[in-house]
Amino acid sequence: MSAPVSTSGSPTRFPASQRPDPRGRFGQFGGRYVPETLMTVLLELEKQYLAYRDDPDFRRDLDALLGDYAGRPTPLFHAARLSEAIAAGRAKIYLKREDLCHTGAHKINNTLGQGLLAKHLGKPRVIAETGAGQHGVATATAAALLDLECDVFMGEEDIRRQELNVFRMRLLGAEVHPVSSGSRTLKDATNEAFRDWLARCDDTHYIIGSVVGPHPFPMMVRDFQSVIGVETRRQIMAKEGRLPDHLVACVGGGSNSIGLFAPFYDEPNVQMYGVEAAGEGIETGRHAATISMGQVGVFHGAREYVLQTDDGQIVEAHSISAGLDYPGSGPEHCFLAESKRAHYLSATDREALDATRLLCRTEGIIPALESAHAIAALHKIVPQVEKGAIVVLCLSGRGDKDVYTLRKHLG
Amino acid sequence: MNRIEKHFAQAAEEKRKSLILFLSAGFPDLETTGRLIEEIDRSGCDVLELGVPFSDPIADGPTIQASSFEALKSGTTLVGILDLVETLRSRDVRIPILLFGAFNPFLHYGLDRLASRAVEAGVDGFLVPDLPIEEAEEFEALCRGAGLSLVFLVAPTTPPERMKEIAQRSTGFVYFVSLKGVTGVEIAVGPELRERVGLLRRIADPLPVAVGFGIQTPEHVRAVAQIADGVVVGSALVRLVDKHRGDAELTQRVGEFVRSLKSALS
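Residues numbered from 1 in each chain as written. Chains lettered and ligands numbered in written order. Predicted model: local features only at pLDDT ≥ 70, side-chain atom pairs only at ≥ 80, totals over all residues. Heavy atoms only, no water.

**Some thoughts on a nonpolar patch on the surface**
On the surface, Leu-164, Val-403 and Tyr-404 of chain A cluster together into a nonpolar patch covering about 310 Å² of accessible area. Structurally, the position occupied by Leu-164 of chain A is in helix 7 (residues 163-171). (Patch = residues over 30% accessible without salt bridge, like charges linked within 9 Å, V, L, I, M, F, W, Y side chains within 5 Å. Areas by Shrake-Rupley, 256 points an atom, 1.4 Å probe, with all protein chains shown as cover. Salt bridge = Lys/Arg side-chain N within 4 Å of Asp/Glu carboxyl O. Helix = DSSP H or I, 4+ residues; strand = E, 2+ residues; numbered from the N terminus.)

**Here's the deal with the sheet that holds strand 8 (residues 204-206) of chain A**
All names here are of chain A. Read across the open sheet, the four strands follow the order 7-6-5-8; overall the sheet is parallel. The sheet is open, and its two edges are formed by strand 7 (175-179) and strand 8, each paired on a single side. Here the strands of the sheet are splayed against their neighbours by 25 degrees on average, with no regard to which way each runs. Across five bridges, the pairing between strand 6 (residues 149-155) and strand 7 is parallel. Bridge pairing in strand 7 places Asp-151 opposite Glu-175. Strands strand 5 (125-130), strand 6, strand 7 and strand 8 of the sheet are contacted by helix 8 (residues 186-199), whose axis makes an angle of about 160 degrees with strand 5. (Pairing = 2+ DSSP bridges. Axes fitted to C-alpha atoms, helices over the stretch in contact; angles between N-to-C directions. Contact = heavy atoms within 4.5 Å.)

**A few points about the packing of aromatic side chains**
One pass over the structure, following the stated rule, counts 15 aromatic pairs over all chains. Aromatic pair Phe-29 of chain A and Tyr-305 of chain A: ring centres 5.1 Å apart, planes at 50 degrees, arrangement tilted. Separated by 276 residues along the polypeptide, Phe-29 of chain A in strand 2 (residues 29-30) and Tyr-305 of chain A in strand 12 (residues 302-306) bring together distant segments of the chain. In this structure, Phe-29 of chain A and Tyr-305 of chain A share a single accessibility class: buried. Between Phe-194 of chain A and Tyr-206 of chain A the ring centres are 5.3 Å apart and the planes differ by 85 degrees, which places this aromatic pair in the edge-to-face class. Taken together, the positions of Phe-194 of chain A in helix 8 and Tyr-206 of chain A in strand 8 put the pair twelve residues apart, joining distant regions of the chain. Residues Phe-194 of chain A and Tyr-206 of chain A agree in their burial class; the two are buried. Site record: aromatic cluster; members linked through ring pairs are Tyr-33 of chain A together with Phe-103, Phe-106, Phe-126 and Phe-139 of chain B. The ring of Tyr-265 of chain A has Arg-19 of chain A sitting right over it, with the charged end atom 4.5 Å from the ring centre. (Phe/Tyr/Trp six-rings, centres within 6.5 Å; stacked < 30°, edge-to-face > 60°. Buried < 20%, exposed > 50% of the residue type's maximum accessible area, 1.4 Å probe, protein only. Lys NZ or Arg CZ within 6 Å of the ring centre and 35° of its normal.)

**Re the sheet that holds strand 5 (residues 149-151) of chain B**
Remark on secondary structure: sheet strands pair via backbone hydrogen bonds, oriented parallel or antiparallel. Residue and element names in this part refer to chain B. One open sheet holds the nine strands; their spatial order is 5-4-3-2-1-9-8-7-6, and the pairing between them is parallel. Every interior strand has two partners, whereas the edge strands, strand 5 and strand 6 (153-154), have only one. With four bridges joining them, strand 1 (residues 18-24) and strand 9 (residues 230-233) adopt parallel strand pairing. Bridge pairing in strand 9 links Ser-18 to Gly-230.

**Concerning the domain arrangement of chain A**
All names here are of chain A. Taken as a whole, chain A is organised into domain 1 (25-68 + 107-221) and domain 2 (73-104 + 226-410). Computed from C-alpha atoms alone, the centre-to-centre distance between domain 1 and domain 2 is 22 Å. Taken together, the 34 residues of domain 1 in the interface contact 35 residues of domain 2. Where domain 1 abuts domain 2, roughly 2,800 Å² becomes buried across the two surfaces, and 65% of that area is made up of carbon and sulfur atoms. There are nine residue pairs in polar contact (both at pLDDT 80 or more) connecting domain 1 and domain 2. (Domains from an automatic or database assignment. Buried area = accessible area lost by both parts, 1.4 Å probe. Polar contact = N/O pair within 3.5 Å; in protein donor to acceptor, adjacent residues only side chain to side chain.)

**Some remarks on the nonpolar core**
Leu-21, Ile-40, Leu-50, Leu-99, Phe-106 and Phe-126 of chain B are the most contacted members of the largest nonpolar core, which totals 96 residues. Looking at which element gives the most residues to this core, the answer is helix 12 (residues 250-265) of chain B, with seven residues. Ranked by size, the runner-up nonpolar core spans 59 residues in total, among them Cys-101, Leu-186, Tyr-206 and Val-306 of chain A. (Core = buried A, V, L, I, M, F, W, Y, C linked by side-chain atoms within 4.5 Å.)

**Quick look at the packing of helix 2 (residues 30-42) of chain B against helix 12 of chain B**
Residue and element names in this part refer to chain B. One can describe the packing of helix 2 onto helix 12 by two numbers: an axis separation of 9 Å at closest approach and a directional angle of 35 degrees. Crossing of helix 2 against helix 12: the hand is right-handed. Here helix 2 contributes Thr-32, Arg-35, Leu-36, Glu-39 and Ile-40 to the contact with helix 12, which in turn contributes Leu-250, Thr-251, Val-254, Gly-255, Val-258 and Arg-259. Taken together, the residues of the contact of helix 2 with helix 12 break down into five nonpolar, three polar and three charged. (Left-handed = near helix turned anticlockwise from the far one by under 90°. Nonpolar A, V, L, I, M, F, W, Y, C, P; charged D, E, K, R; others polar.)

**Comments concerning the interface of chain B and chain A**
Taken together, the contacts link 38 residues of chain B with 36 residues of chain A. Per-residue buried area on chain B facing chain A is highest for Ile-58, His-108 and Glu-135 of chain B; these three make up 23% of the total on that side. Our count for the contact surface shared by chain B and chain A stands at four salt bridges. Its salt-bridge partner being Arg-23 of chain A, residue Glu-135 of chain B comes within 3.8 Å of it at the nearest N-O pair. For the pair chain B and chain A, the interface holds 23 residue pairs in polar contact (both at pLDDT 80 or more).

**Here's the deal with the confidence of the model for chain A**
Low-pLDDT stretches of the model should not have their predicted coordinates read in fine detail. Residues of chain A with pLDDT of at least 70 account for 96%, and the chain-wide mean is 94. Taken together, the stretch residues 1-16 of chain A has pLDDT below 50 and engages in 39 contacts with residues farther than four places along the chain or on a different chain. (pLDDT = per-residue confidence, 0-100.)

**Topic: the pairing of strand 9 (residues 246-250) of chain A**
Residue and element names in this part refer to chain A. Burial runs high along strand 9: five of the five residues are buried. Judged by which residues are buried, strand 9 turns out to be covered on both faces: His-246, Val-248 and Cys-250 on one side and Leu-247 and Ala-249 on the other are all buried. Bridging between strand 9 and strand 10 (residues 271-279) involves five bridges; their strand directions are parallel. Within strand 10, the position partnered with Ala-249 by the bridge is Gly-274.

**Comments concerning helix 6 (residues 111-121) of chain B**
Residues and elements named next belong to chain B. Of all the positions in helix 6, only Leu-111, Leu-114, Ala-115, Arg-117, Ala-118 and Ala-121 are classed as buried. Of the surrounding secondary structure, the elements contacted by the buried residues of helix 6 are helix 4 (78-90), helix 5 (103-109), strand 4 (125-127) and helix 7 (137-146). Residue Gly-122 follows helix 6 closely and has a positive phi angle near 100 degrees.

**Looking at the pairing of strand 3 (residues 97-101) of chain B**
Residues and elements named next belong to chain B. For strand 3, the tally of buried residues reaches five of five residues, placing the bulk of the element in the interior. On strand 3, burial covers both faces: Ile-97, Leu-99 and Gly-101 on one face and Leu-98 and Phe-100 on the other are all buried. As paired elements, strand 2 (residues 47-52) and strand 3 share five bridges and run parallel to each other. Bridging from a neighbouring strand, Val-52 pairs with Gly-101 of strand 3. Pairing of strand 3 with strand 4, which is carried by three bridges, proceeds in the parallel orientation. Within strand 4, the residue paired with Phe-100 across the bridge is Leu-127.

**Comments concerning the environment of Leu-23 of chain B**
All names here are of chain B. Within the secondary structure layout, Leu-23 lies in strand 1. By relative accessible area, which is 3% here, Leu-23 ends up buried. Among all residues touching Leu-23, those that are not within four sequence positions of it are Thr-33, Leu-36, Ile-37, Ile-40, Leu-48, Glu-49, Leu-50, Gly-51, Leu-237 and Val-241.

**Points about the pattern of salt bridges**
A complete count under the given rule lists 54 salt bridges over all chains for this structure. The shortest N-O distance in the salt bridge between Lys-187 of chain A and Asp-188 of chain A comes to 3.6 Å. Exposure class is identical for Lys-187 of chain A and Asp-188 of chain A. Each is buried. As a salt-bridge pair, Glu-140 of chain B and Arg-169 of chain B come within 2.7 Å of each other at their nearest N and O atoms. Of this pair, Glu-140 of chain B sits in helix 7 while Arg-169 of chain B sits in helix 8 (residues 160-169), and the two are 29 residues apart along the sequence. Each member of the pair, Glu-140 of chain B together with Arg-169 of chain B, is buried. Via salt bridges that share partners, Arg-19, Arg-53, Arg-222, Asp-223 and Glu-332 of chain A belong to a single interconnected network.

Here it is as structure tokens:
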């Protein structure tokens, strides 16, 4: 059995890494490509955030919320049967159970952090973009708890696909605004959220759902999500007496993966793998493998890898998992990829579905389709690792939200 | 001196205010845009901001966003827009032209290549709403080297210290955004706006200050011309194009509208 681990939701810094630089850059990536109206707001947000990050009262309040409300620390579970099923038990696979967080995914770590920050900034209203609705639900949840007004922007197409989450958000008191521009999905909802923020930056904080957007968001969301890696470190030390050899997580915008990776940046022996969505297959062009296949561009306020046309227009991404279906990528991931500190691979819709079934049958856990991409990648990663290696996989969310999709494809 | 700088130098000498118009390139198609630019030039507009469409704008209001979306559907590209400007210059269209658009299509084209192609085509400068001074250094140097203006924006939220830096780095003119939020809402010229624009003009002097966002009618133009060197009309023109697209009288209507705005300046 595991030794008890203390709750630590404290945003953690990584002194040896010193990222991003003062301009919000991770190498060539990141920055602040936003209209002038938002520059002052972002500069102020950065200043305030850096002060609260080091404020013991703020950290104590956040720790309390993460512990008593979100249900942290989440377990680190040795998935023995899964380990056996993949490459005949070559590696010992642990699952970091973010699926057991309140609202069913890691998203709540960030929305509680930013919600509390909004409270301290004296902003009575928060807004969010959402694709599948998970971040919208997590934001609506934090807003209800913290007594903040909440407006969520969601593409019409996604509203149709994710009716139940729309209902959840409304039940929690949030207003859901349908977005009818462009492809009517996550990227369009994000554009709309930025526009709303431009007009109402005085009384509104924009809770971005991933490690994307202009500085300081990628840093801030990373810090709030790094509780995943901080706990993992403690838990694996308690169970195994050493650090893991390999970390695996899915990457859409990339917040659960950054959260797992960040506290290990300065451990040269820990390998990191981000798994993108290959959709119907990279070769079909219908995928969301932005880091693997994208080109450097500027999207949603940051320089990063983007799926784009020859004319620099953003292309729609494709994945069975709405949470990975994003044509941009977190700037820090782009940096980790370019500097080869982390490895990026991809899994197709089909592979993710097969991995979902595998985890259901071996461990009795229905993973979110996003997380299933990470599971699928184990088939590629584990055969290459040294025998007896310890692998930690971030099971970022539970699959309840995906049961309709699963029934359609696996039923 | 490029056409923008020449224009403002002359306007300052003659103590004239300038009319600046925004047009979405490729809405409803590039051929129409070409005809409209010729008409706008004939009708007395002083500077043209030619909108380069982007799939995912975060700084545009609904009108311009919708026109961008259609421009892309009609096959408009940055390459095509540069070619159009080149053709217009060969037909003796003399109005100063700025390309106005999101940074990504410019970056993807290649900033270095863009600067030289812009000069060759007869473009006079750029205005890139999602490129604040912090991120602009590289493009700024290229524009300076090529003699192109790079116009920066000052927002209602910009504090005076920052205003100063923006004014110092802006070339051609500096653009004051009259409203928070995105384009398409109506302006109100009150004491607060008067004071902010006055402050920017003192800071920017001798660089001209243009005010934009929410200016839709000749009355708005007249009011804003009292406090600024240049007046920008955007969404209202795009709406007019939308209303009369496909009509035989589109060009004529646009010409009338431009002349009505222009006469409000004098």
